[in-house]
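Overview (structure and organization)
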Amino acid sequence: MSLVAIDERAGQHVAADGPLTASQCGHQPSRGERTATSDARIEMTCALCGPGAPSKVRYREQIQQAPFDFAARKTPSRQHFRIVECRHCGLVYSNPILPHEAIYRLYEDSPFIQEQQLGNMCHDYQRQLKRLLPLLPSRQRLLEIGCSSGFFLKAARPFFDEVRGVEPGVDAVQNADPSIRPQIVNSLFSSELFPPASFDAVCCFQILDHLLDPVATLRDAWTVLKPGGVILLLNHNIRSWFPRLLGRRCPMYDVEHIYLFDRRTVASLLEKTGFGVVETRNIPNSYTLDYAFKMFPLPRPLKQGALAAVRGLGVSNWRLRLPAGNMVAVGQKPREHTEAVPRVA
């Protein structure tokens, strides 16, 4: 879960005041942490319908006066901005949010967490990649946007002549295996990083929810894909059973998550950015017992007791496969396309 696209022009400042300094908060932020006050916000709009689309409030902002931690796979803090839903298309998103440059710094400075769960994630991602291989025009080049330490890129190497990744987190790239690190660009993703029509597949795993401008990012992905190339999106489904059951306690509602899609809205996003929709479907994922207890919104004493128990019994790395609210969406660039990417209406 990494930030990979920022539109510096988007959004208007709600207030001119910036984040509080460490001395004002009485806390020195560590790597990957920043502090912010309620008056440091910019307005967001529906990514599908654009400015002017009416929205309704799902949940009011829940932010404590504490540092933000934007590390991937961290223990949920149950902090989120105000959550709204577009009345036209149903897209769920955070509004208002921190200034974009502040969010970029949080991702850039976020610490990398090395844990057993990465192996499960890699297994799940590889499973989805294998399903789309028959659709590809060739198996020459694959790009992963928001590739973290490149653990999936290593697993994808046997299927492609070349794999490349883009990742803004400095610590994640520094923790990449030396054999894969040269293939990672430590930057925000932009189509300017690569030649047009140079990749057969683009993968985004648990990235879409974090994008400040998902339309711009998918249009850039469209640009670097060959005709017939495929984009694979794996992310949360905000209308799955998990958030319906837990409500605002669901970990999907988090300060890192800007836009939260479902199968219908992610299909609309693909169509809006020039892709043909191949499929959208809900999927199960694999989790270690330790990771499952860490992420589930239990009361702190109960969570600590459960984690201590599974670790004490030596079963913390046992694998569960659960339908925990994720989905995949596959889009394909037309095989013969001579027109520019459609503009926003």
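For the structure itself, look to the data block above.
Here's a quick rundown of the structure.

Criteria and thresholds
- Residues numbered from 1 in each chain as written.
- Predicted model: local features only at pLDDT ≥ 70, side-chain atom pairs only at ≥ 80, totals over all residues.
- Heavy atoms only, no water.
- Salt bridge = Lys/Arg side-chain N within 4 Å of Asp/Glu carboxyl O.
- Helix = DSSP H or I, 4+ residues; strand = E, 2+ residues; numbered from the N terminus.
- Buried < 20%, exposed > 50% of the residue type's maximum accessible area, 1.4 Å probe, protein only.
- Contact = heavy atoms within 4.5 Å.
- Right-handed = clockwise from strand over helix to strand, strands pointing away.
- Pairing = 2+ DSSP bridges.
- Core = buried A, V, L, I, M, F, W, Y, C linked by side-chain atoms within 4.5 Å.

Across all of its chains, the model carries ten salt bridges by this definition. Two residues, Asp 262 and Arg 239, come together in a salt bridge whose shortest N-O distance is 2.4 Å. Of this pair, Asp 262 sits in the loop between strand E11 (259–260) and helix H8 (263–272) while Arg 239 sits in the loop between strand E10 (225–236) and helix H7 (241–246), and the two are 23 residues apart along the sequence. Classification of Asp 262 as buried rests on a relative accessible area of 5%.

Positionally, Asn 235 belongs in strand E10. We classify Asn 235 as buried; its relative accessible area is 1%. Once you skip the residues sitting within four places of it in the chain, Asn 235 turns out to touch Gln 206, Leu 208, Asp 209, Phe 261, Gly 325, Asn 326 and Met 327.

Looking at where Phe 194 falls in the secondary structure, it is placed in the loop between strand E8 (184–185) and strand E9 (199–205). Taking C-alpha positions, Phe 194 is 6.7 Å from Val 224, a pair spaced 30 residues apart along the chain. Contact partners of Phe 194, with chain neighbours within four places excluded, come to Leu 143, Arg 164, Val 166, Val 185, Phe 189, Phe 199 and Val 224.

Now for the pairing of strand E6 (residues 141–145). Most of E6 sits inside the fold, with five of its five residues counted as buried. The alternating pattern of E6 places Arg 141, Leu 143 and Ile 145 on one face and Leu 142 and Glu 144 on the opposite face, and all of these are buried. The handedness of the E6 to strand E7 (residues 162–166) crossover, carried by helix H4 (residues 151–156), is right-handed. Bridging between E6 and E9 involves three bridges; their strand directions are parallel. Looking across to E9, one finds that Glu 144 is bridged to Cys 203.

A few words on the nonpolar core. If you look at the biggest cluster of nonpolar residues, it comprises 47 residues, and the most contacted ones within it are Leu 143, Val 202, Ile 231 and Leu 233. Elements with a minimum of two residues in this core: strand E4 (83–86), helix H2 (100–108), E6, E9, helix H6 (214–224), E10, H8 and strand E13 (319–332). Of all the elements, H6 adds the most residues to this core, at five residues. Discounting chain neighbours no more than four positions away, the residues touching Val 202 are Leu 143, Ile 145, Ala 221, Val 224, Leu 225, Val 230, Ile 231 and Leu 232. Among the nonpolar cores identified, the runner-up in size contains 33 residues, and Ala 155, Ala 156, Ala 176 and Leu 234 belong to it.

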